Amino acid sequence: MLFHTWTFLLFFAAAFPLFRLIKSAEGKRLHIMICSFIFYGWWNPLYLLLISFVITLDFCSVYMMHKTGRRKTFLTLSITGNLTMLGFFKYANFIITNINTFFESAGITYALPAADILLPVGISFYIFQSMSYTIDYYRGEVERETSIIQYAAYVSFFPQLVAGPIERASHLLPQMRNWPAAGGKDAAEGAYLFMRGVFKKIALADYFALYSDRIFANPAQYDSAELLLGALAFTWQIYFDFSGYTDMARGIAKSMGIDLMENFRLPYMAASIGEFWRRWHISLSSWFRDYVYKPLGGNRTGEFRTGTNIIITMLLSGLWHGAAWNFVLWGFIHGMLHLAGKKLSPLSIIGRIPLFIKRISVFIILIFTWIFFRAENANDAFIMIERIFTTPLSMPDFPAVMFILIILCYLSEWLREYNIIRFTRSPFFKIAASIFMLIYLLFFASYGVQEFIYFQF
Amino acid sequence: MNKKNLYIIIAASAFLLFITAAPRTFTLIDDNEFTGNYRIPYPMGENYYLFSHYSSSLSKTEKILFLGDSVIWGHYADTGNTLTAQLNRLHGNDRFANMGIDGIHPAALYGLVKKYSAHIENRDIIAGVNLLWMSSPRHDLSGEINNEINHKKLLPQFSRDIPAYGAGLEERISSFINTNFKIISWVNHIKMSSFADSSFYRWTIDNPRKNIRHFFKGRDMSYTVPPPMRQAGVALQNVTWVEPENSIQWQYMKKTINLLRERNNRVRAYITPYNLHSLTPESRERYIAIREILIRELEAEGISCITGITPKQEYFADASHTGEEGYRILAEELLQNKKFNSLLR
């Protein structure tokens, strides 16, 4: 059930009035848990077994930590259980394929049979969210949750269940415990956020996808300019696809009185790769920072170890996105660029470069890194990059409308970064913008419902 | 009341006013004209808003309305040579209007009449009954799931009446909204009549070097008559007719006729010809028997039934459509038919 479908709107139209009628926080939590299970089970009722397992495992782990005092044992149990499940559903085929490739290159004729496993939607998101609770409890950063219904509502909260933001127990659980009453203002703000998300997804991301999909499907067929524009189109596609989803999720939650965390803060305005990760998919990068990078020692263990920690964290982040080498490579490149940025930033020559030049340079670098993310495989990514630099420049068949939209999007990022368009925060603007977006979608947007890119992770 | 709430109320009211009033008032300024004999242009076949506008205009005339599928619409004829065009020419005035829609199954025709022809009351109507739809469970929509159904949006969305219609919930809800909210039909009308493509984005991708002014010039409304699918030399067909008691087409055809009668229209059924020359003797025999059953059923309900002649093989363009000359022959014959003639008095 995708947010921008009639099915979801109908589901929400039924769930929301009932939610508004319920006065107690307890009732609201129960209602949300039931709705979330219906929402998730809509994809495949069997998925409910998986999420129920995660909920039960982590809820019981924390209960046992509390009851027995054997905190490390039950934390290990929780992490092992979660990662085994994630590994099985997400990485089994990747591991088998690589073992078979190794066998083949070693001249071994035996091949492991491929596992016929369907990746459950959103599994990486809710497992990470649930794990953050057990780890935070272990660290003493969050109180134990005594109600399994409350905990189930937290893990399965449908607005952010399948593609984040990956919430933290310390942020979401207290809100749910004393569920704030949602007023008309919340509903209006939620509706605006939702509409903005739908617009980003349908009017922008899906449009850019029409071009980028064609280019990435067969990069060897295209020349320099088309390949570059394909990568540029994808750069905006993924941003609007994912931030559109986040806006919709935040809008739905807001209409129910819940504030979800911000997941994007003008990422293409970053002046370094490190800064990019503080602006892009913030809930995931902060998760890796808090639960991987810092436990590895962070930047407190000397220069070499800091570098290694960054690379390990970024490799894992790449692998989190997908079980394929191009994602690992993408993570590795980001790690190396992050490291290079760290090394170079103290140099006085770097300090003298104007900020806007740094921002534009980082944006150009990001366009190239996205190639590894989007390409069907690592080989395609290299072909694409090679052809960008070796084929002649010719006039591409690129729609002028798309080009203008991309310019406008980039311009809007700059204006927002420098707070020049503060009027966009006024209620009048939001209402006018909502009406404009609705009319624009009705008349000009593409037909057909496209899935979100991040659903595959 | 604070300023923000006031803005919200004003904006919501303005928007509601817009979505309610725009589709209703737009017909006053719409410059979409119908082609001769009121035939809906081919690219507008799924423009149900236009059809509604069209039926509203016709409801104010004394014309005899021909309702039906592609045989009535004239798939193998240009606008000036359809059945109604030939009737108008032979009769010497413009008494007949073509309300046919290309490729529409009677189940979809029922949806069209129910939702988009409510204006038509107290009129003389000829309802085209085409037995082609009963020539197989696939055509009849009583067979296995068929993904190539035309005018799916007009089918009943939330009943299990049509086994061949296997749309998912999302498509059914979308179709329901499309056909029940006038604003959506109106938006589709604007897109179909004023834009070069239903998707602006798709158009820019397909025409990256064209100026977008071309997009707003609308689409080409001309219709190229397809070449006839000559039957000569082809082996005779053994058709597995769907029996009337099991037929979806027949069930919905009757529902359509009854709905029109409930609106005080004077309805006559016109069984459009079938290319009997292409059938094996057994199939032909069964066709005639089924046709008799349909006539009996209609007449038992007090519906006058006109059975057209079967023109010679060379006048047929395929199994159920005649070409332009075939329509002339049918028109001549109709004008001599007593039941039909009684309408003209």
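**Re the overall build of chain B**
No. 1: Each helix and strand in chain B was counted, giving 13 helices and 5 strands.
No. 2: Against the globule reference of 20 Å for 345 residues, chain B gives a C-alpha radius of gyration of 22 Å, in line with a compact fold.
No. 3: Along the three orthogonal principal directions, the C-alpha set of chain B runs to about 80 × 50 × 45 Å.
No. 4: In the structure as shown, chain B presents an accessible area of about 15,500 Å², 52% of it carried by carbon and sulfur atoms.
No. 5: Each charge class in chain B can be summarised by its mean position, and for the 40 positive and 35 negative side chains these summaries are 7 Å apart.

**Things to note about the environment of A:Tyr239**
Residue and element names in this part refer to chain A.
No. 1: Looking at the secondary structure, you find Tyr 239 in helix 9 (residues 224-255).
No. 2: A sequence separation of 39 residues divides Tyr 239 from Lys 200, and the C-alpha atoms of the two residues are 8.9 Å apart.
No. 3: Not counting the four nearest positions on each side in its chain, Tyr 239 is found in contact with Gly 244, Phe 264, Leu 266, Pro 267, Tyr 268, Trp 280 and Glu 413.

**Side note on empty space enclosed by the protein**
Residue and element names in this part refer to chain B.
No. 1: One pass over the structure, following the stated rule, counts 2 cavities of 30 Å³ or more.
No. 2: Estimates place the volume of the largest cavity at around 40 Å³.
No. 3: Forming the walls of the largest cavity are Gly 68, Asp 69, Ile 104, Pro 106, Leu 109, Gly 128, Val 129, Asn 130, Trp 133, Gln 249 and Met 253.
No. 4: Among the elements of the structure, helix 5 (106-116), strand 3 (124-129) and helix 10 (248-262) are those that each provide at least two residues to the lining of the largest cavity.
No. 5: Class assignment of the residues belonging to the lining of the largest cavity gives a composition of 6 nonpolar, 4 polar and 1 charged.
No. 6: Empty space within the second largest cavity amounts to approximately 30 Å³.
No. 7: Around the second largest cavity, the lining residues are Leu 67, Met 99, Ser 117, Ile 120, Ile 125 and Leu 260.
No. 8: Split by residue class, the lining of the second largest cavity holds 5 nonpolar, 1 polar and no charged.

**Observations concerning the pattern of salt bridges**
All names here are of chain B.
No. 1: A complete count under the given rule lists 30 salt bridges over all chains for this structure.
No. 2: Among the salt bridges present, the one from Lys 152 reaches Glu 171, with a minimum N-O distance of 3.6 Å. Taken together, the positions of Lys 152 in the loop between helix 6 (137-140) and helix 7 (169-180) and Glu 171 in helix 7 put the pair 19 residues apart, joining distant regions of the chain.
No. 3: Note on Lys 152: relative accessible area 26%, which makes it partly exposed.
No. 4: Here Glu 332 and Arg 328 are joined by a salt bridge, their closest N and O atoms 2.4 Å apart. Of this pair, Glu 332 and Arg 328 both sit in helix 12 (residues 324-336), 4 residues apart, which is roughly one turn of that helix.
No. 5: The class for Arg 328 is partly exposed, based on a relative accessible area of 27%.

**Some thoughts on a nonpolar patch on the surface**
No. 1: A contiguous nonpolar surface patch, about 900 Å² in accessible area, is contributed by A:Leu30, A:Ile34, A:Ile38, A:Trp42, A:Ile148, A:Ile149, B:Phe158, B:Leu169, B:Phe176 and B:Phe181.
No. 2: Sorting the residues of the nonpolar patch by element identifies helix 2 (25-41) and helix 6 (148-156) of chain A together with helix 7 of chain B as the ones contributing at least two each.
No. 3: In terms of residues, the nonpolar patch owes the most to one element, helix 2 of chain A, which gives 3 residues.
No. 4: For A:Ile149, the location among the structural elements is in helix 6.
No. 5: Residue A:Ile149 is classed as partly exposed on the basis of its relative accessible area of 33%.

**Some thoughts on the domain arrangement of chain A**
Residues and elements named next belong to chain A.
No. 1: Taken as a whole, chain A is organised into domain 1 (6-179) and domain 2 (186-272 + 345-456).
No. 2: On the side of domain 2, 20 residues touch domain 1, which itself brings 27 residues to the contact.
No. 3: For the pair domain 1 and domain 2, the summed buried area comes to about 1,800 Å², and 72% of that belongs to carbon and sulfur atoms.
No. 4: Among the residues of domain 1 in contact with domain 2, Pro 159, Ala 163 and Pro 165 are the three that bury the most area, contributing 26% of the side total.
No. 5: At the boundary of domain 1 with domain 2, the tally comes to 0 salt bridges.
No. 6: On inspection of domain 1 and its partner domain 2, the count reaches 4 residue pairs in polar contact (both at pLDDT 80 or more).
No. 7: Among the secondary structure elements, those contributing two or more residues to the side of domain 1 that touches domain 2 are helix 1 (6-21) and helix 7 (169-177).
No. 8: Residue contributions to the side of domain 1 that touches domain 2 peak at 6 residues, all from helix 1.
No. 9: The residue makeup of the side of domain 1 that touches domain 2, split by class, is 20 nonpolar, 5 polar and 2 charged.

**Concerning the interface of chain A and chain B**
No. 1: Contacts between chain A and chain B engage 36 residues on the former and 29 residues on the latter.
No. 2: When the two sides are added together, the surface that chain A and chain B hide from each other amounts to roughly 2,900 Å², 72% of it contributed by carbon and sulfur.
No. 3: The salt bridge partner of B:Arg209 is A:Asp397, with a shortest N-O separation of 2.5 Å.
No. 4: Linking chain A with chain B are 8 residue pairs in polar contact (both at pLDDT 80 or more), by the criterion used here.
No. 5: Of all the elements in the fold, those that place two or more residues in the side of chain A that touches chain B are helix 1, helix 8 (184-217), helix 17 (400-417) and helix 18 (427-444) of chain A.
No. 6: It is helix 18 of chain A that contributes the most residues to the side of chain A that touches chain B, 10 residues altogether.
No. 7: Grouping the constituent residues of the side of chain A that touches chain B by class yields 29 nonpolar, 3 polar and 4 charged.

**Comments concerning the packing of aromatic side chains**
No. 1: All told, the structure shown has 98 aromatic pairs over all chains when counted by the stated rule.
No. 2: Taken together, a centroid distance of 6.1 Å and an interplanar angle of 40 degrees make the contact between A:Phe59 and A:Tyr151 tilted. Within this pair, whereas A:Phe59 is found in helix 3 (residues 47-68), its partner A:Tyr151 is found in helix 6, the two being separated by 92 residues in sequence.
No. 3: Relative accessible area serves as the criterion here: at 11%, A:Phe59 is assigned to the buried category.
No. 4: Residue A:Tyr151 is classed as buried on the basis of its relative accessible area of 0%.
No. 5: Note that A:Lys90 overlies the ring of A:Trp320, its terminal NZ or CZ placed 5.1 Å from the centroid.
No. 6: For the cation-ring pair, B:Lys255 lies above B:Tyr110, with the distance from its terminal atom to the ring centre recorded as 5.0 Å.

Definitions and limits used
Residues numbered from 1 in each chain as written. Chains lettered and ligands numbered in written order. Predicted model: local features only at pLDDT ≥ 70, side-chain atom pairs only at ≥ 80, totals over all residues. Heavy atoms only, no water. Helix = DSSP H or I, 4+ residues; strand = E, 2+ residues; numbered from the N terminus. Rg over C-alpha atoms; globule rule 2.2 N^0.38 Å. Areas by Shrake-Rupley, 256 points an atom, 1.4 Å probe, with all protein chains shown as cover. Lys, Arg positive; Asp, Glu negative; His and termini not counted. Charge placed at Lys NZ, Arg CZ, Asp CG, Glu CD. Contact = heavy atoms within 4.5 Å. 1 Å grid on protein atoms, 1.4 Å probe; cavity = no way out; pocket = protein on both sides within 12 Å on 5 of 7 lines; lining within 4 Å. Points joined across faces, edges and corners; volume = space filled by probe spheres on them. Nonpolar A, V, L, I, M, F, W, Y, C, P; charged D, E, K, R; others polar. Salt bridge = Lys/Arg side-chain N within 4 Å of Asp/Glu carboxyl O. Buried < 20%, exposed > 50% of the residue type's maximum accessible area, 1.4 Å probe, protein only. Patch = residues over 30% accessible without salt bridge, like charges linked within 9 Å, V, L, I, M, F, W, Y side chains within 5 Å. Domains from an automatic or database assignment. Buried area = accessible area lost by both parts, 1.4 Å probe. Polar contact = N/O pair within 3.5 Å; in protein donor to acceptor, adjacent residues only side chain to side chain. Phe/Tyr/Trp six-rings, centres within 6.5 Å; stacked < 30°, edge-to-face > 60°. Lys NZ or Arg CZ within 6 Å of the ring centre and 35° of its normal.

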